[in-house]
Amino acid sequence: MSDQYLLPTYTRQPLVLVRGEGAQVWDVNGRVYLDFVGGIAVALVGHCHPQVVSAVQQQAAELIHTSNLFYTEPAARLAARLAQQAQRAGLKQPRLFFANSGTEAVEAALKLARRFAAVVKGEPGRYEIISALGSFHGRTMGALAATGQEKYQRDFRPLPEGFRYVPYNDAAALGRAISEKTAAVILEAVQGEGGVRPADPGYLQAARRLTRERGALLILDEVQTGLGRTGSFFAFEQAGIQPDLICLAKGLGGGLPIGALIAAAPASQGFAPGSHASTFGGNPLACRAALAVLDVLEQEQLVKAAQAKGERLYQGLAALAQRFGLAQARGVGLMQALDLGTEAAAQVVDLAREEGLLVNAVSPTTLRLLPPLVTSSEQIQEALGALERALTRWRSSL
Ligand SMILES: *Cc1c(COP(=O)(O)O)cnc(C)c1O
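Just so you know, the residues in each chain are numbered from 1, in the order the chain's sequence is written. Two thresholds apply to this predicted model, a pLDDT of at least 70 for residue-level local features and 80 or more for giving and counting side-chain atom pairs, whereas whole-chain, interface and lining totals are computed over all residues. Water and hydrogen atoms were dropped before computing side-chain values, which therefore reflect all heavy atoms in the structure.

## Some remarks on the overall build of the chain
Next up, step 1: Across its full length, the chain carries 13 helices and 17 strands.
Next up, step 2: A globule of 398 residues ought to have a C-alpha radius of gyration of about 21 Å, and the chain, at 21 Å, matches this closely.
Next up, step 3: Dimensions of the chain, computed from the C-alpha atoms along their principal axes, are close to 65 × 55 × 45 Å.
Next up, step 4: Residues count as neighbours in contact if any of their non-hydrogen atoms are within 4.5 Å of one another. Across the chain, contacts joining residues at least 24 apart in sequence account for 72% of those joining residues at least 6 apart.
Next up, step 5: In the form shown here, the chain has an accessible surface area of approximately 17400 Å², with 52% of it arising from carbon and sulfur atoms.
Next up, step 6: Averaging the coordinates of the 38 positive side-chain charges in the chain and doing the same for the 35 negative ones gives two points 4 Å apart. Numbering of helices and strands runs from the N terminus, with a helix taken as a DSSP run of H or I at least four residues long and a strand as a DSSP run of E at least two residues long. In this treatment the radius of gyration is a C-alpha quantity, and the globule benchmark scales as 2.2 Å times the residue count to the 0.38 power. Only the protein chains shown count as cover for residues, and all accessible areas are computed by the Shrake-Rupley method using a 1.4 Å probe. Counting rule for charge: Lys and Arg are taken as positive, Asp and Glu as negative, and neither His nor the chain ends is counted. The location of each charge is read from NZ of Lys, CZ of Arg, CG of Asp or CD of Glu.

## Describing the layout of surface pockets
Next up, step 1: Method remark: on a 1 Å grid restricted to protein atoms, a set of points is classed as a cavity if a 1.4 Å probe fits but cannot get out and as a pocket if it is open with protein on both sides within 12 Å along at least five of seven lines; lining residues have an atom within 4 Å of a point. Grid points are joined across faces, edges and corners, and a volume is the space filled by probe spheres set on the points. The volume enclosed by the second largest pocket comes to roughly 1000 Å³.
Next up, step 2: The wall of the second largest pocket is formed by 28 residues, among which Asn68, Arg95, Leu96, Phe97 and Phe98 lie closest to the centre.
Next up, step 3: When contributions to the lining of the second largest pocket are tallied by element, the ones reaching two or more residues are helix 4 (73-88), strand 4 (95-99) and strand 12 (259-263).
Next up, step 4: Note on residue categories: nonpolar means Ala, Val, Leu, Ile, Met, Phe, Trp, Tyr, Cys or Pro, charged means Asp, Glu, Lys or Arg, and polar means any other residue, Gly included. Of the residues that constitute the lining of the second largest pocket, the class distribution is 18 nonpolar, nine polar and one charged.

## Considering empty space enclosed by the protein
Next up, step 1: For the structure on display, the rule yields one cavity of 30 Å³ or more.
Next up, step 2: Size it by volume and the largest cavity reaches roughly 40 Å³.
Next up, step 3: The wall of the largest cavity is formed by Ala41, Leu44, Glu222, Val223, Gln224, Gly226, Leu227, Arg229, Lys250 and Gly251.
Next up, step 4: Tallied by class, residues from the lining of the largest cavity come to four nonpolar, three polar and three charged.

## A word on helix 10 (residues 284-299)
Residues three or four positions apart in an α-helix share a direction because the helix packs 3.6 residues into each turn.
Next up, step 1: Over its 16 residues, helix 10 runs 22 Å from end to end, which matches the ideal 22 Å to within 8%, given 1.5 Å per residue.
Next up, step 2: Type-normalised accessible area, obtained with a 1.4 Å probe on protein chains alone, sets the label of each residue: buried when under 20%, exposed when over 50%, and partly exposed for intermediate values. In terms of burial, helix 10 is largely enclosed, as 13 of its 16 residues are buried.
Next up, step 3: At the N-terminal end of helix 10, a side-chain oxygen is found 3.1 Å from the backbone nitrogen of Leu285, two or three residues along, and the residue is Asn283.
Next up, step 4: Taken from the residues just after helix 10, Gln301 is the one with a positive phi, measuring 45°. Expected span, for any helix, means 1.5 Å times one less than how many residues it has. Nitrogen and oxygen atoms within 3.5 Å of one another constitute a polar contact, given that in protein one can donate a hydrogen and the other can accept it, and given that sequence-neighbouring residues count only through two side-chain atoms.

## Thoughts on the packing of aromatic side chains
Aromatic rings in a pair are described by how distant their centres are and how their planes are angled relative to each other.
Next up, step 1: The rule is short: rings of Phe, Tyr and Trp, with Trp giving its six-membered ring, pair when the centres are within 6.5 Å, and they are stacked under 30 degrees, edge-to-face over 60, tilted in between. Taken as a whole, this structure holds five aromatic pairs when the rule is applied.
Next up, step 2: Between Tyr168 and Tyr203 the ring centres are 5.8 Å apart and the planes differ by 75°, which places this aromatic pair in the edge-to-face class. Of the two residues, Tyr168 sits in the loop between strand 6 (163-166) and helix 8 (171-177) while Tyr203 sits in helix 9 (residues 201-213), which places them 35 residues apart along the sequence. One exposure class covers both Tyr168 and Tyr203, and it is buried.
Next up, step 3: Relative to Phe234, the ring of Phe233 has its centre 4.9 Å away and its plane inclined at 85°; by these criteria the two rings are edge-to-face.
Next up, step 4: For Phe233, a relative accessible area of 8% corresponds to the buried category.
Next up, step 5: Take Phe234: its relative accessible area is 0%, and that puts it in the buried class.

Below is the structure:
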């Protein structure tokens, strides 16, 4: 039925999943897998964490949706919680806008940046958005225009105007591109869909300095890296910088769709009543789930644990890379990749699955591992064992 009735936009692994618990999922035949896809970085606190399940159950029975024509408690509390986190990272007077996905959080950031320049600063000629080659910011037209990868843009032209691209991790090129026309620079602290490529801290620091000096905003797209994934609540904290705007989504709702834009002062003046809106954005159900996710992150100290677990995973992957003569392991915290150096990622994904481990290929050569932050050290060892068996089988098949 999926193949007959769904538009063929996805290449799926041949697996029907029916249940999840922590870092494990079960297929329809009862077979268990370690889930290092993690719903593409969504299952931060694992699948069906009891606190998230209970929050969703309670809220679903109380009130699911109201529209933003009214106040609701979960949205207010979630905004306050995330604003506090942003404040702890050094952002001034942060304020939130809630959307329903990563791409919508990015759209909100792009629109705010343009309106801030045009209306608040009174510089309508300052509309350009600069992004990095190899970036991924989403699939809607604005976010797609910001996504510096030809393969995503190719079939959808014309895209919105006023976007330009610079090589990633090249501060000099960024310096040449930012001008009096630049409304904002948008960057990922680790390019996720682009192959798990960390930014040099010096690059992010240069981006902060250059945008500030030249009157442009700095947007950090933390949709994949945010909420502890890289071992700090926001990945940019590791570079010691404060962006003007932060985009969040993926792990925030524990699996429920929610995106968020955090705007620090003075960028937060960029939106006024009527500037932007979302029917579902900030609905009580998704916000209540997100509050539970933040509780779990804090109570189980998962952000800090992501550092140590990530290091263990990285070391294991680096050992496999060496042993099998692969290109490299790379990543930050629990956002890791194994670059095979040859176009065999799809085959190794299939073999790993047969060995009980779910991973995905972010490129023909590269496997990505995004385990839930609740994954135990034993499960990380287990995953490395499964990957080792998969690589051994791949090698002997050549
Ligand atoms: C996944 C992702 C998006 C898009 O999120 P959706 O919820 O799929 O729209 C945007 N930016 C980054 C960095 C992402 O990883």
